[in-house]
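# Geometric and topological summary
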Amino acid sequence: MRAIDAGLMICHECHQLNPIQAESAKQFCTRCGGQLHARQPNSLARTWALLLTAAVLYIPANVLPIMTVNSLGKGQSDTIMSGVIELVNYGMLPIAAVVFIASILVPTFKLVGITLLLYSVQRHQPMSARQRVLMYRFIEWIGRWSMLDIFVIAILVAVVNFGSLASIVPGYGAMAFASVVVLTMLAALTFDPRLIWDNTDSDDHHE
Amino acid sequence: MDDAALPKTFSGLKLKQLIACHECDLLLRKPSASAGQRVECPRCGYELYTHRTQVIRRSMALVIAALLLYIPANFLPIMHLNLLGQATKDTVWTGVIGLYNSGMQSVAVVVFLCSMAVPLLKLLIQFAVLLSIRLDIGRSYGLLLYRIYHHMREWGMLEVYLMGILVAIVKLVDLAELSIGLGLVCFIALLLVQVWLEVTMSPHQIWEALSGEDEYEGD
């Protein structure tokens, strides 16, 4: 049985159970004082909004250069993908794989994954609750690793600073990419995982 | 869902004897956990709680260690780079400043928050919460702070930053003369202590201690 069916609400913040008071519009946790919601309000709409914004910014993030390397008067611009290819050409395959996963695979997977989660919750289809919850956890856990490329740029800009000899300047792709990462992380946080289970009837075995 | 089963299953149980899964809202009778035991939700597998011993004392030691490591980890050079006689050094802080001065203020702010501000705030809040439990003062502020802490957890990214350092080292090692600084050692130590602290300081015990519901055991 769900807590909501028993007239109970769980606090988002401290996980304390609170009885639902029907008459009051706003209700606060008896233990920590956080505001209570049986389900996060407008979870699906908010997640869609964040997701769509991230999807729009995903294009400049991949097309625009994330940094420009100036060396002895010559400038060379790098996008996310060309940075990975360069690492492969150096023969740094393991590191190239890490950067490829963190900067290309993970953001793409997150955009597709959250879309699938939202779609399947709204349509009560097509994945099982267990598949969906595994996917949600994976997305929530892996999201932060996309910041990798942003940190690499920060370090390179600081350390490769030899005036006209060699210097690195960040590009607007970095700004777009950082926005995509932050927005998809927010989208994963706004999504209420309990919605995944609300439309399944598989919980009778656990009572 | 059979509503007729509702009162039969859970009636006569007090709120304290029940627990609901935070992730799937399944209502359960609270299992009794002995020291070191981990309790999981039978439906979705989410960790409900883990019961640990000596939580306050051990967390306090770890949080002090982490705070001491914080300054050297962020302000000592992580690496030195030498190109044709010119030398530069990199710290976490110069990384933020470098981005800021190159016109990417918004990205610099994100990097500053994720690699410096949030990790420090998290540690300070953990320290304040532990002090408030230990000295039994200002528990309402402790509750508020600990709520803020739970919203910041996602945004401290020390481990991702460490991976970033490794990638940067690999990219630079062929281009110029590179040497590792003491800052990197402190940074790794800070990361390890912080992960250990996160595992030790089990939230449900801290919540119970803060609200005075339960005498925290083993301390």
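Residues numbered from 1 in each chain as written. Chains lettered and ligands numbered in written order. Predicted model: local features only at pLDDT ≥ 70, side-chain atom pairs only at ≥ 80, totals over all residues.

## Regarding helix 6 (residues 158-172) of chain B
To be explicit about the condition: Numbering goes from the N terminus for both helices and strands, where a helix is a DSSP run of H or I of at least four residues and a strand is a run of E of at least two. Under the convention used throughout, the expected extent of a helix is 1.5 Å for every residue step, that is, one less than its residue count. Exposure is read from a count of other C-beta atoms within 10 Å of each residue's own; the residue is exposed at 12 or fewer, buried at 20 or more and partly exposed in between. C-beta atoms are placed from the backbone. In this description, a residue-residue contact is defined by the distance between C-beta atoms placed from the backbone, which must lie within 7 Å.
The end-to-end C-alpha separation of helix 6 of chain B is 21 Å, in line with the 21 Å expected for 15 residues at 1.5 Å each. Here helix 6 of chain B has its buried residues at Leu158, Tyr161, Gly164, Ile165, Val167, Ala168 and Lys171 of chain B. Each element contacted by the buried residues of helix 6 of chain B is listed here: helix 3 (93-123) and helix 5 (148-159) of chain A together with helix 4 (105-135) and helix 7 (182-200) of chain B.

## Structural notes on the packing of helix 5 of chain A against helix 6 of chain B
The cut-off we apply is this: Axes here mean lines fitted to C-alpha atoms, for a helix over just the part in contact, with angles spanning 0 to 180 degrees between N-to-C directions. Under this scheme an angle from 65 to 115 degrees is roughly perpendicular, one under 35 degrees roughly parallel, and one over 145 degrees roughly antiparallel; angles in between are oblique. It is the rotation of the near helix from the far one that decides the hand of a crossing: anticlockwise by less than a right angle makes it left-handed, clockwise makes it right-handed. In this classification, the charged set is Asp, Glu, Lys and Arg, the nonpolar set is Ala, Val, Leu, Ile, Met, Phe, Trp, Tyr, Cys and Pro, and all remaining amino acids, among them Gly, are polar.
Where helix 5 of chain A contacts helix 6 of chain B, the axes come no closer than 8 Å and their chain directions differ by 50 degrees. One finds that helix 5 of chain A runs oblique with respect to helix 6 of chain B. Between helix 5 of chain A and helix 6 of chain B lies a crossing of right-handed hand. Residues Leu148, Phe151, Val152, Ile155, Leu156 and Val159 of chain A of helix 5 of chain A form the contact with helix 6 of chain B, whose own contacting residues are Val160, Tyr161, Met163, Gly164, Ile165, Val167, Ala168, Lys171 and Leu172 of chain B. Across the contact of helix 5 of chain A with helix 6 of chain B, the residue classes tally to 13 nonpolar, 1 polar and 1 charged.

## Observations regarding helix 1 (residues 43-63) of chain A
Residue and element names in this part refer to chain A. Put simply, the rule is: Two axes enter the definition of the bend at a residue: one is fitted to the seven residues ending there, the other to the seven starting there, and the bend is the angle between them.
With 21 residues, helix 1 should cover 30 Å at 1.5 Å per step; its first-to-last C-alpha distance of 31 Å lies within 8% of that length. Along its length, helix 1 shows its largest kink, about 30 degrees, at Leu57, and proline Pro60 lies within four residues downstream of that point. In the core, the buried residues of helix 1 are packed alongside helix 3 and helix 6 (172-190).

## Here's the deal with the domain arrangement of chain B
Heads up, the condition is: Domain start and end points were adopted from an automatic or database domain assignment.
Annotation of chain B at the domain level lists domain 1 (5-50) and domain 2 (55-211). Summarising the inter-unit geometry, the C-alpha centres of domain 1 of chain B and domain 2 of chain B are found 34 Å apart.

## So, the domain arrangement of chain A
Looking at the assigned domains, one finds that chain A contains domain 1 (1-38) and domain 2 (42-199). Taking the mean C-alpha position of each, domain 1 of chain A and domain 2 of chain A sit 35 Å from one another.

## Quick look at the environment of Arg144 of chain A
Here Arg144 of chain A is to be found in the loop between helix 4 (129-142) and helix 5. A tally of 20 C-beta atoms within 10 Å means that Arg144 of chain A is categorised as buried. Distance in space between the C-alpha atoms of Arg144 of chain A and Ala102 of chain A is 9.0 Å, their sequence separation being 42 residues. Aside from chain neighbours lying at most four places away, what touches Arg144 of chain A is Met185 of chain A together with Glu154, Met157 and Val160 of chain B.

## Considerations on the sheet that holds strand 7 (residues 177-180) of chain B
Residues and elements named next belong to chain B. Definition in use: A pair of strands is treated as paired once DSSP finds two or more bridges between them.
As summarised here, the arrangement of the 3 strands in space is 6-5-7, forming an open sheet in which the pairing is antiparallel. The strands lining the two open edges of the sheet, one partner per strand, are strand 6 (86-90) and strand 7. Strand-to-strand, the axes of this sheet are offset by a mean angle of 20 degrees, without reference to chain direction. Where strand 5 (residues 79-83) lies against strand 6, 5 bridges are found, and the strand directions are antiparallel. From the neighbouring strand, Met79 faces strand 6, where its bridge partner is Asp90.

## Overview of the sheet that holds strand 4 (residues 74-78) of chain A
Residues and elements named next belong to chain A. Reading across from one edge, 4-3-5 is the order of the 3 strands in this open sheet, with antiparallel pairing throughout. The open sheet has two free edges, formed respectively by strand 4 and strand 5 (166-170), since each of these has just one partner strand. The sheet shows a mean angle of 20 degrees between the axes of neighbouring strands, direction not considered. As defined by bridge partners, strand 3 (residues 67-71) adjoins strand 5 across 5 bridges and the pair is classed as antiparallel.

## Points about unusual backbone geometry
Phi is positive for Asp136 of chain B, which is not a glycine, with a value near 60 degrees. Residue Asp136 of chain B is classed as exposed on the basis of its 10 C-beta neighbours within 10 Å.

## Quick look at the nonpolar core
What counts, and what does not: The term nonpolar core means buried Ala, Val, Leu, Ile, Met, Phe, Trp, Tyr and Cys residues held together as one set by C-beta atoms within 7 Å.
Ile150, Ala154, Leu156, Ala174 and Phe177 of chain A together with Val107 and Val111 of chain B are the most contacted members of the largest nonpolar core, which totals 122 residues. When residues in this core are grouped by element, the largest group, 12 residues, is from helix 6 of chain A. Here Phe177 of chain A is in contact with Ala61, Ile66, Ile80, Asp149 and Ile150 of chain A, once residues within four sequence places are set aside.

## Thoughts on the interface of chain B and chain A
With 56 residues of chain B at the contact, the number on the chain A side is 54 residues. Here the side of chain B that touches chain A gets 10 residues from one element, more than from any other, and that element is helix 6 of chain B.

## Description of the confidence of the model for chain B
Residues and elements named next belong to chain B. In plain terms, the rule: A residue's pLDDT is the predictor's confidence in that residue, given on a scale from 0 to 100.
In the predicted model, chain B carries a mean pLDDT of 83, and the fraction of residues at 70 or more is 89%. This stretch, residues 1-8, has a pLDDT under 50; its non-local contacts, to residues over four places away or in other chains, come to 7 contacts. Here residues 215-219 is a poorly scored stretch, pLDDT under 50, and it has 12 contacts once near neighbours within four places are set aside; other chains count. Reported for the predicted complex are a pTM of 0.84 and an ipTM of 0.83.

## Notes on the pairing of strand 5 of chain B
Residues and elements named next belong to chain B. In sequence, strand 5 turns back onto strand 6 through a hairpin of 2 residues, with Leu84 there showing a positive phi of about 45 degrees. Direction of pairing for strand 5 relative to strand 7: antiparallel, over a ladder of 4 bridges. Residue pairing for strand 7: Asn82 is matched across the bridge by Glu177.

## Focus on the pairing of strand 3 of chain A
All names here are of chain A. Where strand 3 and strand 4 come together, 5 bridges link them in antiparallel fashion. In the sheet register, Ser71 faces strand 4, and the bridge partner there is Lys74. Hairpin connection from strand 3 to strand 4: 2 residues lie between these consecutive antiparallel strands, with Leu72 at a positive phi of about 50 degrees.

## Looking at the packing of helix 3 of chain A against helix 6 of chain B
Look at helix 3 of chain A against helix 6 of chain B: their axes get within 11 Å of each other, and the N-to-C directions meet at 135 degrees. Accordingly, the angle class assigned to the pair helix 3 of chain A and helix 6 of chain B is oblique. Read as a crossing pair, helix 3 of chain A and helix 6 of chain B show a hand that is left-handed. Residues Ile95, Val98 and Val99 of chain A of helix 3 of chain A form the contact with helix 6 of chain B, whose participating residues are Met163, Val167 and Val170 of chain B.

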